[in-house]
Amino acid sequence: MHNDIKEILFTEDQIRNRCIELAKQIDEDYKGQDLILVGLLKGSVPFMVELAKHLQSDVKFDFMSVSSYDGVQSKTLVVRQDLKEDIRGKNVLIVEDILDTGKTLYNVKEMLEKRNARSVKIVTMLDKEEGRVFDMKADYSLFKIPNAFVVGFGLDFNERYRQLPYVGILKEECYKK
Ligand code: IMP
C-alpha cells in the first residue's frame, strides 16, 4: 500500500500541527457559542477527529452522506444519510476532506442554509483550488494542494488508502489501470 504512493505531501505531525493552529482560530471565531461539526462521510472522519481534539469549544458531532450527480454544472444532490440534529438557529461547520470542483460543498451548504441554521461555514482539510468549477470558498482550510490525485488521512481511491496516516499523491498506474 505504501508502495503505491508517489510522494508524501503532509505527514501526520504536519497535519496535527496545522489542526492545532486551525482549532485556535475556530475557538476564537465561535467564542462562547455552540457549534455542530457536520462531517461528510466517509473521508472527513480522521480530519474531523484530529481537529476536534484541539478545540476548546463545546461541539457536537453529526454526519451526512451525500453524493452529487455527474453533470459538470449539475446541482443535484442525493442525500444517503441525513443529519440527526435539528440545526435551526445553530452554528454549523461542515467538515470536508477535500474541496475540488466545489460541487459537493456548494450543494450541501445551500441545503443546510435552507434549514435556517444560524450560520453555515466550511472547513476542509485540503483545497485543490485549480479544480474549482463552482463558486465555492472554504472558510478554513488546512493545506492548499496542486491538481493531483491524493489519498490517505481519510481520502480514498475505490475505498482503499483511507487509513494511511499521511496525505500522499497516488501513483498514476494505481488509478489508471
Ligand atoms: P468536489 O465536489 O468536486 O469538490 O469533490 C469533492 C469530493 O471529490 C471529495 O469529497 C472526494 O470524495 C473527491 N475527491 C476530489 N479530489 C480527490 C482526490 O484527489 N483524492 C480523493 N478524492 C478526491
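Below is a short write-up of the structure.

## Comments concerning the packing of aromatic side chains
Each aromatic ring pair is characterised by the separation of its centres together with the angle its planes make.
Turning to step 1, where the next piece is worked out: Within this structure, the stated rule accounts for six aromatic pairs.
Turning to step 2, where the next piece is worked out: Seen in terms of ring centroids, F61 and F63 are 6.3 Å apart; in terms of plane orientation they differ by 75°. Their pairing is edge-to-face.
Turning to step 3, where the next piece is worked out: Using a relative accessible area of 39% as the deciding quantity, one classes F61 as partly exposed.
Turning to step 4, where the next piece is worked out: Residue class for F63 comes out partly exposed when judged on its relative accessible area of 22%.
Turning to step 5, where the next piece is worked out: Here the aromatic rings of F149 and F157 are separated by 5.9 Å at their centres, their planes lie at 85°, and the arrangement is edge-to-face.
Turning to step 6, where the next piece is worked out: Within the aromatic cluster, the residues linked to one another by ring pairs are F149, F157 and Y175.

## Quick look at the pattern of salt bridges
Turning to step 1, where the next piece is worked out: One pass over the structure, following the stated rule, counts 14 salt bridges.
Turning to step 2, where the next piece is worked out: Taking the shortest distance from any N to any O, the salt bridge between D82 and R115 comes out at 2.9 Å. Taken together, the positions of D82 in the loop between β4 (77-81) and β5 (91-99) and R115 in the loop between α3 (103-113) and β6 (119-127) put the pair 33 residues apart, joining distant regions of the chain.
Turning to step 3, where the next piece is worked out: Residue D82 is classed as partly exposed on the basis of its relative accessible area of 31%.
Turning to step 4, where the next piece is worked out: The partner of K109 in a salt bridge is E113, with the nearest N and O atoms 3.8 Å apart. One end of the pair is K109 and the other is E113, both in helix α3 and four residues apart, which spans about a single turn.
Turning to step 5, where the next piece is worked out: With a relative accessible area of 41%, E113 lands in the partly exposed category.
Turning to step 6, where the next piece is worked out: Put simply, K42, D156, E159 and R162 are held in one network by salt bridges that share partners.

## Quick word on unusual backbone geometry
Peptide bonds are trans in most cases, and residues, glycine excluded, mostly fall at negative phi.
Turning to step 1, where the next piece is worked out: Of the consecutive residues L41 and K42, the connecting peptide bond is found in the cis state with omega at 0°.
Turning to step 2, where the next piece is worked out: Its location among the elements puts K42 in the loop between β2 (35-40) and α2 (45-53).
Turning to step 3, where the next piece is worked out: Despite not being glycine, N158 has its phi angle at roughly 50°, a positive value.

## What to know about the nonpolar core
Turning to step 1, where the next piece is worked out: I26, L126 and V150 are the most contacted members of the largest nonpolar core, which has 31 residues in total.
Turning to step 2, where the next piece is worked out: For this core, the elements supplying multiple residues, two or more each, are β1 (5-10), α1 (12-29), β2, α2, β5, β6, β7 (140-144) and β9 (167-170).
Turning to step 3, where the next piece is worked out: With five residues, α1 is the single largest residue contributor to this core.
Turning to step 4, where the next piece is worked out: Contacts of V150, omitting those with residues within four sequence positions, involve L9, I98, L126, I145, L155, V167, G168 and I169.
Turning to step 5, where the next piece is worked out: Listed in part, the 19 residues of the second largest apolar core include L40, V66, V108 and M111.

## Considerations on α3
Turning to step 1, where the next piece is worked out: When α3 is considered as a whole, its buried residues turn out to be K103, L105, N107, V108, K109, M111 and L112.
Turning to step 2, where the next piece is worked out: On its buried face, α3 is in contact with β2, β3 (59-68), β4, β5 and β6.

## A look at the pairing of β3
Turning to step 1, where the next piece is worked out: Note: β2 against β3, six bridges, orientation parallel. Note on β3: the bridge partner recorded for L40 is M64.
Turning to step 2, where the next piece is worked out: In this fold, the crossover linking β2 to β3 by way of α2 has right-handed handedness.

## Some points on the site of the ligand
Turning to step 1, where the next piece is worked out: Inspection of the region around the ligand gives 14 residues, with D100, T101, G102, T104 and V150 positioned closest.
Turning to step 2, where the next piece is worked out: Contact distances for the ligand include 3.1 Å between an oxygen atom and a side-chain N or O atom of E96.
Turning to step 3, where the next piece is worked out: Interatomic distance of 2.9 Å between a backbone N/O atom of D100 and an oxygen atom of the ligand.
Turning to step 4, where the next piece is worked out: Bound to the protein, the ligand loses 80% of the 490 Å² it would expose on its own.
Turning to step 5, where the next piece is worked out: The greatest single-element share of the shell around the ligand, amounting to three residues, is contributed by β5.
Turning to step 6, where the next piece is worked out: In the shell around the ligand, the residues fall into five nonpolar, three polar and six charged.

Procedures and definitions
- Sequence order sets the numbering: in each chain, residues are counted from 1 along the sequence as written.
- Given that the model is predicted, a residue must reach a pLDDT of at least 70 before its local features are reported, and side-chain atom pairs must reach 80 or more before they are shown or counted; all residues, however, enter totals for whole chains, interfaces and linings.
- The side-chain quantities take in all heavy atoms of the structure and omit both hydrogens and water.
- Two rings belonging to Phe, Tyr or Trp (six-membered ring only in the last case) form a pair when the distance between their centres is within 6.5 Å. Interplanar angles under 30 degrees mark stacking, angles over 60 mark edge-to-face geometry, and anything in between is tilted.
- Here's how the labels work: a residue is buried when its accessible area is under 20% of the maximum for its type, exposed when over 50%, partly exposed in between, all with a 1.4 Å probe on protein chains only.
- Salt bridge, as used here: a side-chain nitrogen of Lys or Arg that lies within 4 Å of a carboxyl oxygen of Asp or Glu.
- To qualify as a helix, a DSSP run of H or I must reach at least 4 residues; to qualify as a strand, a run of E must reach at least 2; elements of each kind are numbered from the N terminus.
- Buried residues of nine kinds, namely Ala, Val, Leu, Ile, Met, Phe, Trp, Tyr and Cys, make up a nonpolar core once their side-chain atoms join them within 4.5 Å.
- We call two residues contacting when some pair of their heavy atoms lies within 4.5 Å.
- Any two strands between which DSSP finds at least two bridges are classified as paired.
- We call a crossover right-handed when, viewed with the strands running away from us, the connection from the first strand over the helix to the second turns clockwise.
- When we say a residue is near a molecule or strand, we mean one of its heavy atoms is within 4 Å of it.
- Any pair of nitrogen or oxygen atoms within 3.5 Å is treated as a polar contact; in protein, a donor-acceptor pairing is required on top of that, and neighbouring residues in sequence qualify only through side-chain atoms on both sides.
- Accessible areas in this description were obtained via Shrake-Rupley with a 1.4 Å probe; residue shielding takes into account the shown protein chains only.
- Classification convention: Asp, Glu, Lys, Arg as charged; Ala, Val, Leu, Ile, Met, Phe, Trp, Tyr, Cys, Pro as nonpolar; all other residues, Gly among them, as polar.

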